[in-house]
Amino acid sequence: MSGWKDEPVLIVGGGIGGLTAALALSRRGIPSQIIEQAAEFKEIGAGIQLGPNVFWMFEALGLIEPISALAVFPNNLIMMDSITGEEVTRISLGDAFRKKFHYPYALIHRADLHRVLLDACRKSNLIRLDASQKVVTIVERSDGIAVTTESGKEYRGAALIGADGIWSAVRERVVGDGKPKPAGHITYRAVLPTSEMDERFRWPDMVVWAGEKAHLVHYPLRTGELFNLVAVFHSDRYEEGWDSFGDPAELHERFAKTCEPVRRLLNKIESWRMWVLCDRPPIKEWSRGRITLLGDAAHPMLQYLAQGANMAIEDAVCLAAKAVEHDGDYAAAFRAYQEARYLRTGRVQIMARVYGEVFHASGVAKELRNMMLSARTPEDAMAGMEWLYSRQPELTPSA
Ligand SMILES: Cc1cc2nc3c(=O)[nH]c(=O)nc-3n(C[C@H](O)[C@H](O)[C@H](O)COP(=O)(O)OP(=O)(O)OC[C@H]3O[C@@H](n4cnc5c(N)ncnc54)[C@H](O)[C@@H]3O)c2cc1C
């Protein structure tokens, strides 16, 4: 098809997934229009872990340098038992890890990652960015897509990507499987200046304190200036949406059985933001005609493998490659993209739930967890990560 690169792809949502999709398309010479409902393109503060798998994508997008300048490269992944205070296991992220997976493990502030992507999008003359536009209607025609926003603005494009997150309206239109499923887990998050972090725990590591029906994560951010704290516990409390203030009393009650260092860390924080965690079971088909989904809209997952944003970024690189392979036949390209992605993203969705069980185990399950994890050799531990962190040949990062 000649001239197919003249018409833009419409992208609903300017989060990490939407921005990366625009960037990946632009690297292939394909124009796009991002339509974001929020008044500004930005991410709220907290940390994101980046596996070596996503660095292959950054390589394809030319982003290794700006990302690395803002990231922290931790020494170890450590699991502590939050009740006894003893170490369960650690995986060194040093030379052997880098040799095996080619790229490092990194920690970055969400806002920093988003800003790197946004700056790269703004530098491209193939990407247009509109904020304060909430998409309300999508009409698919034989020759393209027409979109209308709440304020009455209209957009036309050759195809549409729903990168509109876990509460995706585009998904409702394409898949129609209702709302995501609450996991029964609540997350409290806070970011502290390093000077306020308990000196004993200013570790240069990604640390999980695994407990019973609760766990705490902490790690340094922004080249060591900040610490990210994430506390998760079981609760039936359910409020739709994200980002409200947490109730410290509830948090302290849920962590009452944990060891003194964990309780001290939690006491440090006066103001927590709260998220009610939801996910969905994996599906195989998230495209219809010239409309597809990407990131949390396609495969929302619990955060326990720290891969939701990583998967959105992989999706973006894969989708752009398929658009070119199918020479602008977007319906065929989107089918090929979901075909290439659904088993990998489905595995991460399922394994994220399993990790949640591991982090929150009690009784015999907890004893087994500690016994099995502490008996692993470093080689065993890395072999167990191969499926996730290794380069994915089908993502062919040769932009
Ligand atoms: C506690 C926690 C910790 C996490 N930690 C990690 C981690 O360490 N590593 C990792 O890889 N992932 C992590 N994740 C997951 C990660 O945050 C998400 O997977 C990722 O942000 C999804 O990006 P997205 O672009 O698909 O969706 P979102 O970031 O949700 O972006 C969707 C965008 O679409 C916009 N939008 C929605 N509807 C409309 C509309 N109708 N019109 C226009 N715009 C619209 C929204 O305003 C938003 O900007 C974590 C998640 C949580 C909850």
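Scroll up for the structure.
Right, let's walk through the structure included here. (Residues numbered from 1 in each chain as written. Predicted model: local features only at pLDDT ≥ 70, side-chain atom pairs only at ≥ 80, totals over all residues. Heavy atoms only, no water.)

## Overview of the site of the ligand
Surrounding the ligand, one finds 29 residues, the nearest of these being G17, E36, Q49, D296 and N310. The separation between a nitrogen atom of the ligand and a polar main-chain atom of G308 is 3.2 Å. In this structure, an oxygen atom belonging to the ligand sits 2.6 Å away from a side-chain N or O atom of N310. Surface burial for the ligand is 88%, taken as the share of its 1000 Å² of free accessible area covered by protein chains. For the shell around the ligand, the secondary-structure elements that each account for two or more residues are α1 (16-27), β3 (47-50), β12 (181-193) and α9 (308-325). A total of three residues in the shell around the ligand trace back to one element, the largest contributor, which is α9. For the shell around the ligand, a count of residues per class yields nine nonpolar, 13 polar and seven charged. (Near = heavy atom within 4 Å. Polar contact = N/O pair within 3.5 Å; in protein donor to acceptor, adjacent residues only side chain to side chain. Areas by Shrake-Rupley, 256 points an atom, 1.4 Å probe, with all protein chains shown as cover. Helix = DSSP H or I, 4+ residues; strand = E, 2+ residues; numbered from the N terminus. Nonpolar A, V, L, I, M, F, W, Y, C, P; charged D, E, K, R; others polar.)

## Notes on unusual backbone geometry
A negative phi holds for most residues other than glycine; trans holds for most peptide bonds. Look at S132: it is not a glycine, yet its phi comes out positive at around 55°. Among the structural elements, S132 can be located in the loop between β7 (127-130) and β8 (135-141). Take S132: its relative accessible area is 44%, and that puts it in the partly exposed class. Look at D327: it is not a glycine, yet its phi comes out positive at around 50°. Looking at the secondary structure, you find D327 in the loop between α9 and α10 (330-359). (Buried < 20%, exposed > 50% of the residue type's maximum accessible area, 1.4 Å probe, protein only.)

## With respect to helix α11 (residues 363-375)
Helix length check: α11 (13 residues) gives 19 Å between terminal C-alpha atoms against 18 Å at 1.5 Å per residue, within 8%. The set of residues buried in α11 consists of K366, R369, N370 and L373. Buried residues in α11, looked at end-on, bunch into an arc of 90°, giving them a common side. Exposed and oriented more than 90 degrees from the buried face of α11 are V364, E367, M371, M372 and A375. Where α11 is buried, its residues touch β4 (76-81), β5 (87-92), β13 (206-210) and α10. (Expected span 1.5 Å × (residues − 1). Arc of directions from axis to C-beta. Contact = heavy atoms within 4.5 Å.)

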